[in-house]
Amino acid sequence: MLTGTIPFDRYPGLAPLFHDFLRGLPEFFPDPPTMEAAAARAKRLLGTRARIPAEAFRTRVTEAEAMARDLAAGRAVAVVSGHQVGLFTGPLFTITKAFDAIRTARELREAGVPAVPVFWALTDDHDLAEIARTARPGKEGPEIIVLEGADRANRRPVGGIPLPQKVSEVLESFRTDARAPEAGETLEAFARRYAPGVSYGEAFIETLFDLVGNEPLLVLDPRGAPMRRPAAEFLLLAARKEKEVRESLRAATARLESAGKSVPVAYRPEVFPFFSVAGEERRRIEDLAATVEAVEKGSVWPSTDVLTRPAFKSFLMPVAASVLGASEIAYHAQALALFPVFDLVPPVLQPRSHLVLIGPPERRAAEALGIEASQLLQPVPPTPVAIPEVEALSRIATDIQARLVSLEPGLRHLDPTLAGALETVGRKIAYQVEQLTQRIRKAAERKDETAVKRRQRLETMLLPEGTPAERLYPPLVPLLAYGRDALTAIREAAVGSTQGATIVNMGADRPAEAESVHAG
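Note that this is a predicted model, so its numbers are computed, not measured.

## Side note on the packing of helix α9 (residues 225-240) against helix α12 (residues 309-316)
Right, so step 1: It is the contact of α9 with α12, at a shortest axis distance of 11 Å, that shows an interaxial angle of 120°. The angle between the axes of α9 and α12 places the two elements in the oblique class. Considering only the axes of α9 and α12, their crossing is right-handed. Contacts from M227, P230, A231, E233, F234 and L237 in α9 reach A311, F312, F315 and L316 in α12.
Right, so step 2: Of the residues in the contact of α9 with α12, the class split is nine nonpolar, no polar and one charged.

## A short note on the packing of α9 against helix α11 (residues 288-297)
Right, so step 1: At a minimum axis distance of 10 Å, the contact between α9 and α11 shows a crossing angle of 150°. In the packing of α9 onto α11, the handedness of the crossing is left-handed. Counting all contacts with α9, which are made through A232, L235, L236 and A239, the residues of α11 involved are L288, V292, V295 and E296.
Right, so step 2: Here the contact of α9 with α11 is built from residues that sort into seven nonpolar, no polar and one charged.

## Considering the side chain of R352
Right, so step 1: Tracing the sequence through the fold places R352 in the loop between β12 (348-351) and β13 (355-358).
Right, so step 2: Classification of R352 by relative accessible area gives buried; the value is 4%.
Right, so step 3: Engagement of the side chain of R352 in a polar contact is seen with the side chain of E470, the distance being 3.2 Å.
Right, so step 4: In contact with R352, other than residues within four places in its own chain, are Y11, F93, K97, D100, V323, L324, G325, E470 and R471.

## Side note on the pairing of β12
Right, so step 1: Covered by surrounding structure in β12 are V348 and Q350 together with L349 and P351, the residues of both alternating faces.
Right, so step 2: Bridge count for strand β11 (residues 319-324) against β12 is four bridges, and the pairing is parallel. Within β12, the position partnered with A321 by the bridge is V348.

## Comments concerning unusual backbone geometry
Right, so step 1: Phi at T89 takes a positive value of approximately 75°, unusual for a residue other than glycine.
Right, so step 2: Residues other than glycine seldom take positive phi values, yet D343 does so here, at roughly 55°.
Right, so step 3: The residue D343 is located in the loop between α13 (326-335) and β12 in this model.
Right, so step 4: In this structure D343 comes out as exposed when scored by relative accessible area, which is 68%.

## Here we look at the sheet that holds strand β7 (residues 218-220)
Through backbone hydrogen bonds, the strands of a sheet pair up, either in parallel or in antiparallel fashion.
Right, so step 1: Reading across from one edge, β2-β7-β4-β3-β11-β12 is the order of the six strands in this open sheet, with mixed pairing throughout. Each having just a single partner strand, β2 (57-58) and β12 make up the two edges of the open sheet.
Right, so step 2: Taken together, the eight bridges between strand β3 (residues 77-84) and strand β4 (residues 115-122) define a ladder with parallel strand orientation. Considered in β4, the bridge of H83 is made with A121.
Right, so step 3: Where helix α2 (residues 35-45) meets the sheet, it contacts β3, β11 and β12, and its direction lies at approximately 140° from that of β11.

## Considerations on the nonpolar core
Right, so step 1: Core analysis: the biggest nonpolar cluster contains 86 residues, and F29, V118, M317 and F342 have the highest contact counts within it.
Right, so step 2: No other element matches α9, which puts nine residues into this core.
Right, so step 3: Setting aside residues up to four positions removed in sequence, M317 forms contacts with A50, F57, L71, A78, V80, V118 and L220.
Right, so step 4: Residues I95, L171, F204 and Y482 belong to the second largest nonpolar core, which totals 58 residues.

## Quick look at the sheet that holds strand β10 (residues 301-304)
Right, so step 1: On the basis of which strands lie adjacent, the open sheet formed by three strands has the order β9-β8-β10 and antiparallel pairing. Among the strands making up the open sheet, the edge pair consists of β9 (281-284) and β10. Averaged over all neighbouring strand pairs, the angle between strand axes comes to 35°, with direction disregarded.
Right, so step 2: As paired elements, strand β8 (residues 274-278) and β9 share four bridges and run antiparallel to each other. Bridged to V277 within β9 is R282.

## Re the pattern of salt bridges
Right, so step 1: Applying the stated criterion across every chain, the model contains 29 salt bridges.
Right, so step 2: R193 is the salt-bridge partner of D210, the closest N and O atoms lying 2.8 Å from each other. You can see D210 sitting in helix α8 (residues 200-212) and its partner R193 sitting in helix α7 (residues 183-193), a full 17 residues away along the chain.
Right, so step 3: For R193, a relative accessible area of 27% corresponds to the partly exposed category.
Right, so step 4: Here the residues in one salt-bridge network are R58, R60, R193, E202, E206 and D210, joined through shared partners.

## Observations concerning the environment of A231
Right, so step 1: By the element assignment, A231 lies in helix α9.
Right, so step 2: Take A231: its relative accessible area is 9%, and that puts it in the buried class.
Right, so step 3: Counting along the chain gives 64 residues from A231 to V295, while the straight-line C-alpha distance between them is 9.6 Å.
Right, so step 4: If near-sequence neighbours (up to four positions away) are discounted, A231 is found in contact with P302 and F312.

## Focus on the packing of aromatic side chains
Right, so step 1: On inspection of all chains with the given rule, the structure shows 14 aromatic pairs.
Right, so step 2: With centroids separated by 6.4 Å and ring planes inclined at 25°, the aromatic side chains of F18 and F21 adopt a geometry described as stacked. Separated by three residues within a single helix, F18 and F21 lie in helix α1 (residues 16-23), roughly one turn from each other.
Right, so step 3: Residue F21 is classed as buried on the basis of its relative accessible area of 4%.
Right, so step 4: For the pair F88 and F190, a centre-to-centre distance of 6.4 Å together with 75° between the ring planes defines the contact as edge-to-face. Here the residue F88 occupies a position in the loop between β3 and α4 (93-110), and F190 occupies one in helix α7, the gap between them amounting to 102 residues.
Right, so step 5: In this structure an aromatic cluster arises from ring pairing among W120, F234, F272, F274, F312, F315 and F342.
Right, so step 6: Residue placement shows R51 over the ring face of F315; its charged tip is 3.9 Å from the ring centre.
Right, so step 7: Stacked on the ring of F275, the Lys or Arg R282 has its end atom at 3.8 Å from the ring centre.

Criteria and cut-off values
Residues numbered from 1 in each chain as written. Predicted model: local features only at pLDDT ≥ 70, side-chain atom pairs only at ≥ 80, totals over all residues. Heavy atoms only, no water. Axes fitted to C-alpha atoms, helices over the stretch in contact; angles between N-to-C directions. Helix = DSSP H or I, 4+ residues; strand = E, 2+ residues; numbered from the N terminus. Parallel < 35°, antiparallel > 145°, perpendicular 65-115°, else oblique. Left-handed = near helix turned anticlockwise from the far one by under 90°. Contact = heavy atoms within 4.5 Å. Nonpolar A, V, L, I, M, F, W, Y, C, P; charged D, E, K, R; others polar. Buried < 20%, exposed > 50% of the residue type's maximum accessible area, 1.4 Å probe, protein only. Polar contact = N/O pair within 3.5 Å; in protein donor to acceptor, adjacent residues only side chain to side chain. Pairing = 2+ DSSP bridges. Core = buried A, V, L, I, M, F, W, Y, C linked by side-chain atoms within 4.5 Å. Salt bridge = Lys/Arg side-chain N within 4 Å of Asp/Glu carboxyl O. Phe/Tyr/Trp six-rings, centres within 6.5 Å; stacked < 30°, edge-to-face > 60°. Lys NZ or Arg CZ within 6 Å of the ring centre and 35° of its normal.

The following block contains the structure:
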């Protein structure tokens, strides 16, 4: 069975700054990604009251309600993660982030520091083209599905946009993947949440709670009414410190460039790192003075961007640790520069868990192709076309024909008619050799076809479109294939490794005969 960790240098698509972060780059990432650092930061922040009430947090279980009260009162610190409110909760790693935050908070509590897990649902994002898409593994490769209305022209915060009628049809297309005994119940549960007319934000948050089950989790919706006042306060503070905000981002960008590092977010002097939401439109702030006036009047509300959002989280509550993806960690090389501007203590950055889910068909395909665990996220090379047995048979046939020809003079001397018989024998041997050669070639073609299907299976399930599957397929895919056990496996594998992606074996107890090399 394939087990272990795939090193990050063999995980495709990771930001170069993420690798620097893991190796240690204190100029841009001052804290090591350790629990010891997080615990020390938590102790420093303990006693800091949140700027939002306990009612600002969405919860489902009683334990989480008590945690929200403790966080608001300064009796606990936060471990924050978050993501876009994607269709069917978005890529698999979204739920992994939630489990990471839950685990990290639990480990801090075990270390003696009260900590609570908080998930930031980006309901104020307007990138509907990214949010309203999903994918499933098809027989010919990944099938990308996009709901209608998902175009780049959208400016509405997606959290309040109702799901279109087609969402039911899209969800039904996943029924092909339903192999687990409780797959029907899973589809029904998702259908109840992702029903036409329900908002993207509401469907996402409720499904997230469904997936984490009885685990305590707090969810923050930046579109919620309790968030408007502190968001306004943060924008007004940033406006008063406008020169410092702009200079800190310019300087951070210049330091990256001087160090020869790639810059995650291009610095543009004319851009102030906030959006404003007026009515149903979220747009970049162009006239800061006019926006400040409108915010003070209450006619618009501000929304942070990718660089100001980290500081805003710590402005709202004491954040001891932040669980982030590789790209998110990369842009913190710039975002962390804003914390001293607002007199905020930054969180310790923790990389999210990276998981590679592999089932019985993928295990057999990898073993048959001779692929080691560390190579699972690399493109599978094609099988060599040369057939050694054909080449060997050709050499044997040539040698036999040469030996037969050498007999001709002696046979003709004995009896001239034997030369004709010898020629007949040569033709028969050549015919039989050709027939055997064709059978060998056809057998090799059949074997190669199987190898092609195996390669296709691995690429579809592990590396669709050249990207790790956890970044494309939603949790629906493993849930429909392996049932609720998939969530247990994901939760247990979410250990926040800084070494690489953890291989998670699914369906280990499933009979091999029940699987096919075809995706679908």
